[in-house]
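# Per-entry structural report
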Number of protein chains: 2
Amino acid sequence: MDSFKKYLTDYQQIINEMLFSYVRDYTYPGRLQEAMLYSIEAGGKRIRPVLLLSTMEALGAQHTRGYSVACALEMIHTYSLIHDDLPAMDDDDIRRGQATNHQAFDEATAILAGDALLTLSFQVITEDVNLTSEEKVYLVRELSKASGGTGMVAGQMEDMLSENKQISIDVLKSIHVNKTGRLLSFAITAGAYLSHPSDQSLGELTKIANVLGLIFQIQDDILDVAGDAGAIGKPVGSDEVNSKSTYPKILGMEGAIKEKEQYVDIALQSLDKAGVNATSLSRLIGYLSSRDR
Amino acid sequence: MDSFKKYLTDYQQIINEMLFSYVRDYTYPGRLQEAMLYSIEAGGKRIRPVLLLSTMEALGAQHTRGYSVACALEMIHTYSLIHDDLPAMDDDDIRRGQATNHQAFDEATAILAGDALLTLSFQVITEDVNLTSEEKVYLVRELSKASGGTGMVAGQMEDMLSENKQISIDVLKSIHVNKTGRLLSFAITAGAYLSHPSDQSLGELTKIANVLGLIFQIQDDILDVAGDAGAIGKPVGSDEVNSKSTYPKILGMEGAIKEKEQYVDIALQSLDKAGVNATSLSRLIGYLSSRDR
């Protein structure tokens, strides 16, 4: 295992242990807890929490203080996948290589498991004894703005409304910024907030935060055309089936790759100027851009 | 209009204005905002916010400091109704005298409108300039515990699991305590928390908080059998159709009424001992117990 893979795996392990115990430690009715654990334990890359903790590390901060908000972020990501997969939404059967939540349980349980994960995300931040009240308020406020009707949920809605429609690259960009970008961006800004960076560092990290969602999403679109279903853990071509607009469809495959590389350049240039310990963050950006799943 | 009706209406007006502007002031995609406003503007009795503000008033506190959390509480109540009405859950077509959210829009929009309202509830508390950080943290934490997988959502799940089953009165009580009681109880404890009551007052108010959900829910069960559909704004007899266990079904109508009155006695006795300005709260308890809608 190369050193970056080990870096990722180590962080993923820390996050998984905390995530599982958060969900297990509460006395939900059995079936609700099972459904929450089913999707939480299904794995996934834990990109958002890792990004948050890597940002803290790059700024020389003690990253244990980021654990609860990192887990909160992953809970919100997971709830959004559960609701997104529902028959009334994208109607997907397979996610992370296993049956989607409503297939493994039922629609009602999946809706409630999503609702409970969303609610739990705010609870775990407010219960963290390692954070000050001011920090908790900042994190809950920014996380709710990034994930709610002005952020991720807005992106979901825009995405649904654009199905079967010809949309411009600007509209597609706005969908992705909201749907994927806001949570990824929160990962960096929340990590920075907890680490008290210089203004210079904060400014450059914010620039990275702004393009990271686009890098991630363009690669997602590319994988849906050219990826390997086995590696990704869900069928490829689902964007085509759902008549979704994608970067390769609007710009062509070459154009999409070029667009993505432009954003990677912006991110890496900002990282150079940020005056932080950039090793892990730069490898993480490279990984997001060229991952095969 | 008698004085208590005017009291209710005045509070409802304050809450409605704030609620509407919270949802309107954010730049959601049009359809998402429309769907959120549709259910928020559908009316409803605003019992939970009124209860919170009445508690503050009874303790002599400035109730403007309770506005954001009162609205947050109503947002959570409203989101739970939207999700509860979905075809996969109770599959209801009519709510508050108009088409349910997924009937007026569509299922995907209804799911997202619910998600956005839930998320917004935590945002508005953290953005309130009249509260300290400590108060915000307390309110977000207690509201998430009352509404999530250890509270209201747990009750929803227990309720779904008990359909078409013979359940005991104890199980029914536990369902109601979670599904309805926790939010009503939060209304009183949050109002008390913001008003710094004496230990004696707090103890008695907590006792009232604990029985209020049962009073409310038994009356709900009674109305579903003996109520007037026009007044309630939804069809009666839906518990029978959905094979739900109810107080009248388990205890008989007389038994249900007797049970309810027992809880009303407990609440009014505690109110007597609480040493607060009890006028409005006692009328509110009477109203919850004998309302016809």
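My aim in this report is to walk through the structure given alongside it, one point at a time. (Residues numbered from 1 in each chain as written. Chains lettered and ligands numbered in written order. Predicted model: local features only at pLDDT ≥ 70, side-chain atom pairs only at ≥ 80, totals over all residues. Heavy atoms only, no water.)

### Structural notes on the environment of A:Thr279
Residues and elements named next belong to chain A. Inspection of the secondary structure puts Thr279 in helix α14 (residues 279–290). Accessibility expressed as a relative area gives 52% for Thr279, which makes it exposed. Separated by 275 residues in sequence, Thr279 and Phe4 place their C-alpha atoms 9.8 Å apart. Polar side-chain contacts of Thr279 include one of 3.3 Å to the side chain of Asn277. (Helix = DSSP H or I, 4+ residues; strand = E, 2+ residues; numbered from the N terminus. Buried < 20%, exposed > 50% of the residue type's maximum accessible area, 1.4 Å probe, protein only. Polar contact = N/O pair within 3.5 Å; in protein donor to acceptor, adjacent residues only side chain to side chain.)

### With respect to the packing of aromatic side chains
Residue and element names in this part refer to chain B. Considering all chains together, one arrives at 11 aromatic pairs over all chains under this definition. Geometry around Phe216 places Arg48 over its ring, the cationic atom sitting 5.5 Å from the centre. Here Arg291 stacks its cationic end above the ring of Phe216, 4.0 Å away from the centre of that ring. (Phe/Tyr/Trp six-rings, centres within 6.5 Å; stacked < 30°, edge-to-face > 60°. Lys NZ or Arg CZ within 6 Å of the ring centre and 35° of its normal.)

### Notes on the pattern of salt bridges
Residues and elements named next belong to chain A. The final tally for this structure, using the stated rule, is 32 salt bridges over all chains. The salt bridge involving Arg141 is made with Glu142; its shortest N-O contact spans 3.1 Å. Judged by its relative accessible area of 23%, Arg141 is partly exposed. Here the salt bridges share partners, and the residues they tie into one network are Asp84, Asp90, Asp159, Glu163, Lys179 and Lys244. (Salt bridge = Lys/Arg side-chain N within 4 Å of Asp/Glu carboxyl O.)

### Topic: the interface of chain B and chain A
In this assembly, 43 residues from chain B lie in contact with 43 residues from chain A. Considering only the surface of chain B that becomes buried against chain A, B:Leu112, B:Thr119 and B:Met157 emerge as the three largest contributors, covering 16% of it. Linking chain B to chain A there are zero salt bridges. Our count for the contact surface shared by chain B and chain A stands at two residue pairs in polar contact (both at pLDDT 80 or more). Elements supplying a minimum of two residues to the side of chain B that touches chain A: α2 (30–40), α4 (67–85), α6 (107–126), α7 (133–147) and α8 (152–162) of chain B. Looking at the side of chain B that touches chain A, the element that brings in the most residues is α6(B), giving 12 residues. Looking at side-chain class alone, the side of chain B that touches chain A contains 21 nonpolar, 13 polar and nine charged residues. (Contact = heavy atoms within 4.5 Å. Buried area = accessible area lost by both parts, 1.4 Å probe. Nonpolar A, V, L, I, M, F, W, Y, C, P; charged D, E, K, R; others polar.)

### A look at α4(B)
Its 19 residues give α4(B) an end-to-end C-alpha distance of 27 Å, which sits within 8% of 27 Å, the value for a rise of 1.5 Å per residue. Most of α4(B) is tucked away: 19 of the 19 residues are buried. (Expected span 1.5 Å × (residues − 1).)

### Section: the relation of the copies chain B and chain A
Superposition of chain B onto chain A requires a rotation of 180 degrees combined with a translation of 0.0 Å along the rotation axis, giving an RMSD of 0.0 Å. The operation mapping one copy onto its partner corresponds to a two-fold rotation axis. The C-alpha atom lying nearest the rotation axis in chain B is that of B:Ser133; the distance is 2.8 Å. Mapped onto chain A, 100% of the interface residues of chain B again fall at the interface, so both copies present the same surface. (Least-squares fit on C-alpha atoms with pLDDT ≥ 70 in both.)

### Considerations on the layout of surface pockets
Quantified by volume, the largest pocket comes out at close to 1100 Å³. B:Leu81, B:Arg95, B:Phe216, B:Asp220 and B:Lys234 are the residues nearest the centre of the largest pocket, which is lined by 48 residues in total. The set of elements that each furnish at least two residues to the lining of the largest pocket consists of α3 (47–58), α4, β1 (94–95), α8, α9 (169–193), α10 (199–226), α11 (229–232) and α12 (238–241) of chain B. Partitioning the lining of the largest pocket into residue classes produces 15 nonpolar, 13 polar and 20 charged. Considered as a void within the structure, the second largest pocket measures approximately 940 Å³ in volume. Looking at the second largest pocket, it is lined by 42 residues, and the ones nearest its centre are A:Leu81, A:Arg95, A:Phe216, A:Asp220 and A:Lys234. Counting residues per element, the ones that place at least two in the lining of the second largest pocket are α3 (47–58), α4 (67–84), α8 (152–162), α9 (169–193), α10 (199–226), α11 (229–232) and α12 (238–241) of chain A. The leading source of residues in the lining of the second largest pocket is α10(A), at six residues. (1 Å grid on protein atoms, 1.4 Å probe; cavity = no way out; pocket = protein on both sides within 12 Å on 5 of 7 lines; lining within 4 Å. Points joined across faces, edges and corners; volume = space filled by probe spheres on them.)

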